[in-house]
Structures are given as C-alpha cells and as structure tokens.
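Structural overview for review
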Amino acid sequence: MSHKFNQYRQLLNSSLDHAVDYLESLPERPIDKQSNSESLRKAIGGTLPITGTAPDQVIQKLVTDVEEGLIGSGGPRYFGYAIGGSFPVALAADWLVSAWDQNVPYYVSSPATSIVEETAAEWMLDLLHLPKTAGVGFTSGAQEAIYTALITARNSLLEKAGWDVAANGLYGAPRIHVVMSDQIHSTIKRALSMIGIGLKDIKTIPTDQNLRIIPDTLPAILAECDGPTLVCAQAGCIDSGAFDPFDEIASSIEAHPNAWLHVDGAIGLWSAASDTQKHLLKGIEKADSWDTDGHKWFNMPYDSGMVIVKDASLLAKAMGGNNMGDYLTDAIAKPDRNAINFGISASRRARGVPVYATIKSLGKEGIQAHLDNCCTLAKRMADKLRNVDGITILNDVVSNRFSAQFGKGDDAFRDQLTARIVYQLQQDGFCYPSTSGYKGLKTMLFSVLSCHTTAQDIDASAEKIIEIYHMELEKIQEEHTQSDATLCS
Ligand SMILES: Cc1ncc(COP(=O)(O)O)c(C=O)c1O
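It should be emphasised that the depicted structure is a prediction, and the values quoted were computed from it without experimental measurement. (Residues numbered from 1 in each chain as written. Predicted model: local features only at pLDDT ≥ 70, side-chain atom pairs only at ≥ 80, totals over all residues.)

Turning our eyes to something else, we now look at the overall build of the chain. In terms of helices and strands, the chain carries 15 helices and eleven strands. Relative to the 2.2 N^0.38 estimate, which gives 23 Å for 489 residues, the radius of gyration of the chain is 25 Å and therefore close to what a compact globule would have. Expressed as lengths along the three principal axes of its C-alpha atoms, the size of the chain is roughly 80 × 70 × 45 Å. For the chain, the proportion of its 489 residues judged to be buried stands at 44%. Here the contacts in the chain between residues at least 6 apart in sequence split such that 74% fall between residues at least 24 apart. (Helix = DSSP H or I, 4+ residues; strand = E, 2+ residues; numbered from the N terminus. Rg over C-alpha atoms; globule rule 2.2 N^0.38 Å. Buried ≥ 20, exposed ≤ 12 C-beta atoms within 10 Å, placed from the backbone. Contact = placed C-beta atoms within 7 Å.)

Written as structure tokens, this is what we have:
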C-alpha cells in the first residue's frame with residue numbers, strides 16, 4: 001500500500017489539536033484520575049488487529065482510550081519523585097526531531113543534527129562550567145548516562161592497571177574497589193551490577209543529617225583500596241537535594257594512584273548553571289565524569305539525558321565505535337562529530353535538538369531564572385509547612401526538594417500518618433507529592449522541577465497539604481481511640 005505525503009498534514013494537525021487540548025488541561029485536571037489497569041486494558045488492549053483502521057480514527061481513539069490513565073506530571077502542581085515538565089520550545093523542537101526522523105550516530109547520516117548536537121554539547125559545558133575538553137553524549141536518561149560513564153571508568157581504570165577490557169573481557173581482571181555515598185542513587189548500583197563490577201564489596205561513605213557525604217571518613221576508606229578505585233558522589237540527592245563536598249572528595253582522591261570520580265548529577269548538576277547556586281558544587285569540575293538528565297530539572301520532554309566525560313578520547317575508546325561493519329568504515333572515517341563516539345546507542349533520535357533549542361531560547365539568564373525559581377518555590381513550601389505544629393522538614397532546603405514528616409509521637413506513628421497523607425493527596429489529585437525514605441523514616445518527598453509552577457500553585461498546594469494533614473490526623477487518632485476502647489472492653 002502506498003501512502004501519500006499529504007496525509008501527514010491532516011494527521012499532524014489533528015495530533016496538534018489533541019496535544020494542545022491536553023497541555024491546556026494540565027493546570028485544572030486531576031493529576032491522577034485514579035484509573036485502574038483493568039479498565040485501561042479494556043479500552044486499549046484486545047487481540048491483534050487483522051484488518052487496518054483509518055489513521056485518523058486510530059489517533060482519535062488512542063486519545064480517548066488513554067485519557068483516564070495519563071498522569072498530569074507536566075502540570076504545575078506535580079511534586080513527586082524527580083519528574084519535570086517540558087518547556088514549550090523543547091517540545092516544539094522535539095516534534096521536529098520526530099518529523100525529520102534523522103539518525104545521528106554518524107555525521108554522514110545527519111550532518112545538520114550532528115552539528116546541532118555538537119553545539120548543544122559545547123554550550124552545556126560552558127553553562128555547567130565543566131572542562132571544554134570533555135565529551136558529551138545525549139542519552140535516554142541518567143541511567144544510560146551512568147552506564148556509559150561507568151563503563152568508561154571501568155575500562156580506563158583497568159587499562160591503567162594493565163588490563164584491556166575490550167580484548168579480554170573481565171575474566172581474570174583486577175578487582176575494582178568501589179567507594180560511594182550511603183545515599184547514592186539506586187541507578188548507580190544497577191549499573192555496577194550489570195557492568196561486571198558487582199555490588200558485593202562496595203565501601204560506603206557515611207552521610208550527615210542532610211544526606212551529604214561526611215568527607216573526613218574518605219581518606220581512611222581510600223587507604224584500604226590498593227588497586228583501581230571508582231568513587232561515586234552526587235549532585236542533588238533525591239531526598240534532600242544535597243550536594244556532596246566535591247572539593248574535599250577530589251582532594252582525598254588526588255593522592256590515589258588509580259582512581260576515578262564519577263558524579264551523579266541527574267537532578268542537581270544544573271545548579272552549576274546558576275550564579276546563585278554554583279557555590280554548592282565547588283570542586284565538581286575535578287571529577288572525571290558526570291551524568292545528568294534533561295527530562296528532570298531542565299524540562300525536556302522524555303527522554304533526555306547527558307553523559308559527560310572529562311577525557312573525550314577515553315569515552316570514544318570505551319564506546320568502541322571504530323569497530324563497526326565494513327558498511328560503516330567510510331562513515332566513521334569522516335572527521336566531524338560521530339555521536340557513536342559519545343554513547344552506547346548506535347541508531348537513535350537527535351535528542352540534542354531540544355537541548356539546543358532551549359538553551360538558545362532561554363539563554364543563560366533564562367535558565368538561571370528557571371533554576372532559581374524552583375528553589376525559591378521549594379523553600380516557600382517548606383517554610384509554610386514547618387510553621388504548622390507537627391510538621392517537620394527533615395533537611396536544610398538548599399535546592400529544589402525536601403523531605404517532610406507529619407505528626408508527633410513515635411517513628412511508627414509518624415511513618416503511618418505520613419504515608420496516609422501522601423496517599424490521600426494523590427487520590428485527591430490537586431497536588432502530587434510522593435513518598436520516600438529518609439534514614440529509615442517514611443517521608444513525603446516534595447520536589448519542584450517544573451517551569452509551570454508558580455507561587456500561587458505552592459500556596460494553594462500548601463493549604464491542601466495542611467488540610468489533609470489535619471483530616472488524617474483526626475481520623476488516625478479516632479481509630480487509635482476506638483481500638484484502645486475495643487482492647488479495654
Ligand atoms: C539522583 C538520581 N540519579 C539517577 C536517576 C536516574 O535517572 P533516569 O530515571 O532519568 O535514568 C535519578 C532518577 O530519579 C535520580 O534521582
């Protein structure tokens with residue numbers, strides 16, 4: 001069946017209308033419409049279609065069928081996990097990426113988007129004050145960026161120890177010591193478990209009440225590491241937004257003959273782009289590699305991440321892009337940017353395009369205004385809550401997030417009350433924090449990452465959180481009184 005090119009216009013126009021209707025509904029719609037998988041499956045699922053359906057009908061039905069199950073995480077009052085919205089310019093550029101349908105691993109397969117990504121990479125390094133020599137790859141997210149960075153770290157550490165991973169694999173290789181914060185994000189461990197380093201012998205560095213590495217303990221831990229050593233720290237802890245003391249960490253590592261420092265900056269690396277926040281990341285440029293996300297605080301549509309490796313040649317070597325088939329020999333030989341040298345993916349979409357468009361549109365000043373606004377709003381919410389009797393903010397609010405607990409009494413009571421409040425807030429749908437853990441306590445995690453959130457959203461959400469706190473506290477106290485009465489009777 002041949003398809004006509006003029007079909008795109010009609011279909012994309014209808015998608016445009018649906019998309020804008022959805023986006024404009026975000027400030028008002030319940031964030032979670034509380035659909036269930038059974039009803040979604042009933043609407044969406046079914047047996048394999050044997051005969052086709054007209055594309056416009058498919059799009060129309062798709063829009064209707066998914067409606068109840070979409071989470072309004074792009075809206076102004078979504079405060080859960082670490083999920084950001086999308087800058088309009090980023091979304092617009094991302095649509096063009098799909099329409100252009102370019103494949104970026106080789107300059108020859110897409111000269112224009114290769115240069116766009118090259119430029120976006122240079123701007124990123126400038127914005128984040130990282131060494132100009134670094135290689136930047138555009139990944140699906142921080143997880144893929146972490147794999148990429150840690151594979152590069154592994155190969156480089158082992159090469160220095162006289163072992164060639166690409167040739168020999170890991171059988172018989174020297175052991176790599178791993179040292180990391182006890183608060184390191186699970187995606188670092190996930191990567192280690194998959195890239196042959198393993199989790200068994202990890203040495204953890206203790207953290208303080210703000211979940212920040214206590215640097216004094218590091219020299220003694222490093223002294224026990226008598227071979228290749230990987231150290232992982234973070235910029236922007238998921239539960240507190242804390243930044244590890246990079247300067248002190250880097251100084252401790254300096255004396256080690258074969259160590260690599262990776263910084264997971266999935267959330268917080270962007271603080272380096274703000275003149276008012278960058279002091280929090282002092283010394284971060286001394287690391288060997290970094291990862292961050294575009295789709296979190298930088299408000300790219302999914303999916304968008306970046307890996308940055310100080311020595312671009314080590315990244316290229318680890319990615320092994322020169323060992324492809326004969327049909328790619330001439331392509332890789334071209335001197336311009338071949339993205340395959342900067343990441344794991346071979347074929348992929350041109351993810352750097354929305355990054356480029358957003359940096360160009362906002363400029364350094366606009367980006368700083370967005371980053372600072374999120375931090376101001378997170379502090380505003382924390383201040384409102386901490387003024388209420390029985391609400392505790394567990395960390396110093398240094399960035400865009402904090403953890404809170406509700407109620408007085410023992411840990412079990414506060415944990416239970418906190419979980420119930422977050423559950424009720426999510427059911428209610430006006431604003432959406434999530435639960436987390438903080439040194440063994442159940443908490444409400446509150447994160448401000450969206451370019452759409454305003455002070456009014458914060459104030460209205462604070463009122464809602466306080467209202468639900470009082471309601472749940474009353475309910476739980478009644479339940480306790482009733483169960484005490486039952487026990488006594
Ligand atoms: C600190 C940190 N690192 C890494 C990740 C992984 O990011 P992604 O899910 O984009 O791969 C997250 C996700 O929340 C995170 O918060």
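Time to look at the site of the ligand. Taken together, 13 residues are adjacent to the ligand, and Gly141, Ala142, Gln143, His185 and Ala266 come closest. Tallied by class, the residues present in the shell around the ligand amount to five nonpolar, six polar and two charged. (Near = placed C-beta within 6 Å. Nonpolar A, V, L, I, M, F, W, Y, C, P; charged D, E, K, R; others polar.)

UniProt tags Lys296 as "modified residue: N6-(pyridoxal phosphate)lysine" (unreviewed entry). Inspection of the secondary structure puts Lys296 in the loop between strand 6 (289–293) and strand 7 (305–309). Lys296 gets classed as buried once you count the C-beta atoms within 10 Å, which come to 25. Excluding anything up to four places from it in sequence, Lys296 contacts Ala82, Gly84, Ala266, Ile267 and Leu449. (UniProt positions renumbered as here; feature names shortened; annotations may be inferred.)

In this section: the sheet that holds strand 10 (residues 434–438). With antiparallel pairing, the four strands of this open sheet are ordered in space as 8-9-11-10. Either end of the sheet is taken by a strand with one partner, and the two such strands are strand 8 (391–393) and strand 10. Averaged over all pairs of adjacent strands, the angle between their axes in this sheet comes to 40 degrees, without regard to strand direction. As paired strands, strand 8 and strand 9 (residues 401–406) are joined by three bridges and run antiparallel to one another. Residue Ile391 lies in a different strand from strand 9, and its bridge partner there is Phe406. Contacts between helix 14 (residues 411–428) and the sheet are confined to strand 9, strand 10 and strand 11 (441–447), with strand 11 contributing the most and set at about 35 degrees to the helix. (Pairing = 2+ DSSP bridges. Axes fitted to C-alpha atoms, helices over the stretch in contact; angles between N-to-C directions.)

For the rest of this paragraph, the subject is the nonpolar core. Ranked by size, the top nonpolar core spans 122 residues in total, and within it Val231, Ile249, Leu261 and Ala378 carry the most contacts. For this core, the leading source of residues is helix 13 (residues 352–386), giving 14 residues. Counting only domains with at least three residues in this core, you end up with domain 2 (91–359) and domain 3 (373–488). (Core = buried A, V, L, I, M, F, W, Y, C linked by C-beta atoms within 7 Å. Domains from an automatic or database assignment.)

With that out of the way, let us pick up the sheet that holds strand 3 (residues 203–205). Within the open sheet, the seven strands sit side by side as 1-7-6-5-4-2-3. Their pairing is mixed. The open sheet has two edge strands, strand 1 (135–139) and strand 3, and neither has a second partner. Neighbouring strand axes in the sheet, compared pairwise and without regard to direction, differ in orientation by 20 degrees on average. Bridge count between strand 5 (residues 259–264) and strand 6: three bridges; the pairing is parallel. Within the sheet, the bridge partner assigned to His262 lies in strand 6 and is Ser289. Against the sheet, helix 10 (residues 246–254) makes contact with strand 4 (229–234) and strand 5, and its axis sits at roughly 165 degrees relative to strand 5, the strand it touches most.

So, on to the pairing of strand 7. Of all five residues in strand 7, five are buried; the element is thus mostly enclosed. Judged by which residues are buried, strand 7 turns out to be covered on both faces: Gly305, Val307 and Val309 on one side and Met306 and Ile308 on the other are all buried. When strand 1 meets strand 7, the two strands line up antiparallel, connected through five bridges. By the bridge assignment, Gly135 is partnered in strand 7 with Val309.

A few words now on the domain arrangement of the chain. If you check the domain split of the chain, you get domain 1 (7–30 + 33–70), domain 2 (91–359) and domain 3 (373–488). Taking only C-alpha atoms, the centre of domain 1 and the centre of domain 2 are 36 Å apart.

Attention shifts here to the pairing of strand 10. The pairing of strand 10 with strand 11 spans five bridges and is antiparallel. Counted as the bridge partner of Tyr438 is Leu441 from strand 11. Between strand 10 and strand 11, which follow one another and run antiparallel, lie two residues, and Lys439 among them has a positive phi close to 50 degrees.

Now for helix 1 (residues 7–25). A rise of 1.5 Å per residue sets the reference length of helix 1, with its 19 residues, at 27 Å; its end C-alpha atoms lie 28 Å apart and thus fit the reference within 8%. Taken across its 19 residues, helix 1 has zero buried, putting it largely on the surface. (Expected span 1.5 Å × (residues − 1).)

We now examine the packing of helix 1 against helix 3 (residues 55–66). Angle between the axes and distance between the axes are the two parameters that describe a pair of packed helices. As a packed pair, helix 1 and helix 3 sit with axes 10 Å apart at the nearest point and diverge in direction by 10 degrees. As judged from the angle between their axes, helix 1 and helix 3 are roughly parallel. Note that helix 1 runs across helix 3; the crossing there is right-handed. Seen from helix 1, the contacting residues are Gln10, Leu11, Ser14, Ser15 and His18; seen from helix 3, they are Pro55, Asp56, Ile59 and Val63. Looking at the contact of helix 1 with helix 3, its residues break down into four nonpolar, four polar and one charged. (Parallel < 35°, antiparallel > 145°, perpendicular 65-115°, else oblique. Left-handed = near helix turned anticlockwise from the far one by under 90°.)

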